[in-house]
Amino acid sequence: LVPPAMLLVAWALYSTEELAQLMEAPFGNALQPETVPMDMYCAHIVTELQQQAFVQRALNRRVADRSWVVKPEDLVAYSASEDPAATPDDTVDTDTAIS
């Protein structure tokens, strides 16, 4: 009964020591590869930032061209007499896409 108990205690202590070493250097060192895949995370962040920059450039271009401005003819308005359930807030179609 003593040898299995000692084996269990030794295994628990060894596992705790191994976990402590991993937590001590989660980004790796010269002898041990990284536990946290920083290269993958950094590549993902760079991709996201590039996408944000592309979208920002596209938005800036649309603002400069004034293609984002909604003109009255872009909106569909109808009077309350055409729609008896219409309220003053319902006079503009909010589903109209902005070109």
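Owing to the predicted nature of the structure, the values given are computational and were not obtained by experimental measurement.

Rules used throughout
Residues numbered from 1 in each chain as written. Predicted model: local features only at pLDDT ≥ 70, side-chain atom pairs only at ≥ 80, totals over all residues. Heavy atoms only, no water. Helix = DSSP H or I, 4+ residues; strand = E, 2+ residues; numbered from the N terminus. Areas by Shrake-Rupley, 256 points an atom, 1.4 Å probe, with all protein chains shown as cover. pLDDT = per-residue confidence, 0-100. Contact = heavy atoms within 4.5 Å. Expected span 1.5 Å × (residues − 1).

S.K.: How would you sum up the overall build of the protein chain? Please name residues and give values.
M.R.: Looking only at helices and strands, the protein chain features two helices and zero strands. On the protein chain, roughly 8800 Å² of surface is accessible, and the fraction owed to carbon and sulfur atoms is 66%.

S.K.: I'd like a description of the confidence of the model for the protein chain, backed by residues and values.
M.R.: Confidence in the prediction for the protein chain averages 75 pLDDT; 67% of positions are at 70 or higher. The low-confidence segment residues 89-99, where pLDDT is below 50, has 16 contacts with residues more than four positions distant or belonging to other chains.

S.K.: Could you give me a rundown of helix α2 (residues 38-65), with the residues and numbers involved?
M.R.: End to end, α2 covers 40 Å across 28 residues, agreeing with the expected 40 Å (1.5 Å per residue, within 8%). Arg 66 occupies a position one or two residues after α2 and carries a positive phi of about 55 degrees.

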